[in-house]
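Here is what each chain is made of, one letter per residue.
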Amino acid sequence: MAYLRFEKVTRRYGSFTAINDITLDIEKGETFSLLGPSGCGKTTLLRMAAGFDQPDLGRVYLDGKDITALPPDQRPVNTVFQSYALFPHLTVRENIAFGPKIAKWTPGEIAKGVDQMLELVDLKAHGDKKPSQLSGGMKQRVAIARALVNKPKVLLLDEPLAALDLKLRQRLIVELDAIHDEVGITFIYVTHDQGEAMSISDRIAVMNKGVIEQVGPPAEIYEAPRSSFVAAFIGDTNFLDGKITEAIDARFSRCEVADFGSIVIDNDKHVTVGDRVHLSIRPEKLVVSREKPAMSPMDNAVEGKVEDVIYYGSHTRYWVRCGEWRMCAEMQHRTFLLDETPPKWGDTVWLLWDANDGFLLEQY
Ligand code: ATP
């Protein structure tokens, strides 16, 4: 059995189902993120791991034991909240020492544990300060130290960086990753920020309306989303609807997209001629070119007109009108050939991409 297992878990609030029959396995030592839009049930699932909430149906197991009905203080699990939840009248040292005191550690053990934690979160010089004297990032590091000093088997992090500004979030996510490497326990991270989830997680569960749409490593979720919801929630994408017109071989099929053209797709979903399908192509997989180069039969080229160009510094985004479809393409500047002038508004261009860079999402 997995280290932490949610088995057929359902949680209802009156007639509303917040968690709908979820089964999820989380392995020992991994950083696992629950990712999804507001209200999808991430916090409810986390609260059931912490013991603050219980499922109406299903069981929760930790390290082989059924913990479904175990109260929070008897679980080897600690939570870090977005709001820090520090005691304002206690110093940093006293905040971190709070759990060990309740657990009746000896004074020597407490001092040693607190010193280790201050070192881990890089706050050795700030042990005697009160929370009001600390920055937001420092407060969150105290909250992490206070949760980790109890040596939990699992650390739950509920949107821990949401109150911080972007630069600080980016820095703390790297620090959190280093802390995880050092302590080696299981981290479960709740966020609605796909960038945070992608950068810290070994695996991600993408949630939507009380169910899990997809579980996998960040690259798999980004490169091979299984549904329109996942494709749209993780990064940007272009959607197309088409009809399969030809099975080229075991892997590739031809698909007619009305008012767009005939394109080749990687048929990993094994659809057959006549099926209507929903497709997605990431903006960075599309190349914008003034020329239509000599192509292999597995390359795609569709003609269109540049409607918008936005320069982002590291890259430029082009919105290209192809019939009724408005496609977004993202180009790194070095992608253009040295002698090629980047296209501008109103230019006629070709959108080029490999057949296996578009993915089939679902039939409709
Ligand atoms: P957010 O990112 O906004 O915190 P979330 O994905 O964590 O969202 P949850 O807090 O798990 O979502 O809530 C899931 C759904 O359950 C929401 O629609 C919420 O309104 C509902 N819900 C949560 N707790 C209760 C409660 N105690 N009573 C009634 N409804 C609740």
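Computed from a predicted model, the values in this text were never measured in an experiment.

## Considering the site of the ligand
In step 1: Every residue near the ligand is listed here: Tyr 13, Ala 18, Gly 36, Ser 38, Gly 39, Cys 40, Gly 41, Lys 42, Thr 43, Thr 44 and His 192.
In step 2: At 3 residues, the largest contribution of residues to the shell around the ligand is made by helix 1 (residues 42–50).
In step 3: Here the residues of the shell around the ligand sort into 3 nonpolar, 7 polar and 1 charged.

## A look at the domain arrangement of the protein chain
In step 1: Taken domain by domain, the protein chain comprises domain 1 (4–233) and domain 2 (238–363).
In step 2: The straight-line distance from the C-alpha centre of domain 1 to that of domain 2 is 39 Å.
In step 3: Taken residue by residue, the interface counts 5 residues in domain 1 and 6 residues in domain 2.
In step 4: In terms of residue class, the side of domain 1 that touches domain 2 is made up of 3 nonpolar, 2 polar and no charged.

## So, helix 2 (residues 92–102)
In step 1: Of all the residues in helix 2, the buried ones are Val 92, Arg 93, Asn 95, Ile 96, Ala 97 and Pro 100.
In step 2: As for helix 2, its buried residues are in contact with helix 3 (107–120) and helix 4 (136–148).
In step 3: Taken from the residues just after helix 2, Lys 104 is the one with a positive phi, measuring 60°.

## Regarding the sheet that holds strand 16 (residues 299–311)
In step 1: Here 5 strands make up an open sheet; going across it, the order is 15-19-16-17-18 and the pairing antiparallel. Each having just a single partner strand, strand 15 (287–289) and strand 18 (325–332) make up the two edges of the open sheet. Each adjacent strand pair in this sheet contributes to an overall mean axis angle of 45°, direction not counted.
In step 2: Of the strand pairs in this sheet, strand 15 and strand 19 (residues 348–354) are connected by 3 bridges, and their pairing is antiparallel. Along strand 19, the bridge assignment pairs Ser 289 with Trp 350.

## Section: the pairing of strand 16
In step 1: Sheet analysis places strand 16 next to strand 19, joined by 7 bridges and oriented antiparallel. Counterpart to Asn 300 in the pairing with strand 19 is Trp 353.
In step 2: Two strands pair when backbone bridges link them, and strand 16 and strand 17 (residues 315–322) are joined in this way by 6 bridges, in the antiparallel orientation. When the sheet's bridge partners are listed, Val 306 is paired in strand 17 with Val 320.

What counts and what doesn't
- Residues numbered from 1 in each chain as written.
- Predicted model: local features only at pLDDT ≥ 70, side-chain atom pairs only at ≥ 80, totals over all residues.
- Near = placed C-beta within 6 Å.
- Helix = DSSP H or I, 4+ residues; strand = E, 2+ residues; numbered from the N terminus.
- Nonpolar A, V, L, I, M, F, W, Y, C, P; charged D, E, K, R; others polar.
- Domains from an automatic or database assignment.
- Contact = placed C-beta atoms within 7 Å.
- Buried ≥ 20, exposed ≤ 12 C-beta atoms within 10 Å, placed from the backbone.
- Pairing = 2+ DSSP bridges.
- Axes fitted to C-alpha atoms, helices over the stretch in contact; angles between N-to-C directions.

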